[in-house]
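# Examining the three-dimensional arrangement
The primary structure of each chain is shown beneath.
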Amino acid sequence: GNDNDSEKFSYVSPRFQGFQIGASFVPELAQDTDNEPNDANGLRDNSFAVAANFKRSFNDYKLGASGAYQDFGEDDAATGALDAYAVALQLGFAGFTATGNYKEEDVAVGSTLETIGLGVQYAGGPFGVSLAYIGSELDNNSQEQDSFELGASYKIGPGVQARGAVLVAEGTNAAGTKVADGV
């Protein structure tokens, strides 16, 4: 989120039967530029976030799921009410793992950034391969980006791993001009 390195109060629970929750409260989002800890200065105060996840293995099967929500604090006259949420799911079986996630974040009034990620990987013995896609779109002015990554890894020995990846990306700005294209 937008809280950078602001002071915050956070709690993360111990994992119980695969479930874990967490929460944070940030009194001042603009920590380094906000001189007054109150609402009269026009900057966002009192942001909070909550999240939950579930992680469990059943024989050769693995399941992971998570969700999170953040309210970026009291409304700012220039940007209004802003918030974000994200959900993710991970399924695994016999060395294969598939992952999907979705995030929606208000970046300004009437402007929402949507991001989707999909990935699959296989790890067996010392070798591993993965393929991932990340796409994002800013809805108020049609900025978008698509990225694909193909990766591989090899465990050389205890604590030593060689990795490599190729990333291909393409993106356009609000005027439809390409801003990213290629490897």
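Above: the structure in question.
Just so we're clear, the structure is a prediction, and the values are computed from it rather than from any experiment.

## Things to note about the environment of Val129
Within the secondary structure layout, Val129 lies in strand β8 (residues 127-138). Separated by 21 residues in sequence, Val129 and Leu150 place their C-alpha atoms 7.5 Å apart. Look past the residues within four positions of Val129 in its chain and what remains in contact with it is Val120, Gln121, Tyr122, Gly151 and Ala152.

## Notes on the pairing of strand β6 (residues 96-108)
Here 10 bridges tie strand β5 (residues 83-93) to β6, and the two strands are oriented antiparallel to one another. Following the sheet pairing, Phe93 is matched in β6 by Phe96. Hairpin remark: β5 followed by β6, antiparallel, with 2 residues in the connecting loop; positive phi at Ala94, about 50 degrees. Taken together, the 12 bridges between β6 and strand β7 (residues 111-124) define a ladder with antiparallel strand orientation.

## Remarks on the pattern of salt bridges
Tallied over the entire structure, the rule returns 1 salt bridge. Close ionic contact of Glu105 with Lys103 constitutes a salt bridge, the shortest N to O distance being 3.2 Å.

## So, the environment of Ala123
With respect to the helices and strands, the residue Ala123 is situated in strand β7. Of the residues examined, Ala123 reaches a relative accessible area of 42% and is grouped as partly exposed. The spatial distance from the C-alpha of Ala123 to the C-alpha of Thr97 is 8.6 Å, given a sequence separation of 26 residues. With near-sequence residues (within four places) excluded, Ala123 lies in contact with Gly95 and Gly128.

Reading the values: the criteria
- Residues numbered from 1 in each chain as written.
- Predicted model: local features only at pLDDT ≥ 70, side-chain atom pairs only at ≥ 80, totals over all residues.
- Heavy atoms only, no water.
- Helix = DSSP H or I, 4+ residues; strand = E, 2+ residues; numbered from the N terminus.
- Contact = heavy atoms within 4.5 Å.
- Pairing = 2+ DSSP bridges.
- Salt bridge = Lys/Arg side-chain N within 4 Å of Asp/Glu carboxyl O.
- Buried < 20%, exposed > 50% of the residue type's maximum accessible area, 1.4 Å probe, protein only.

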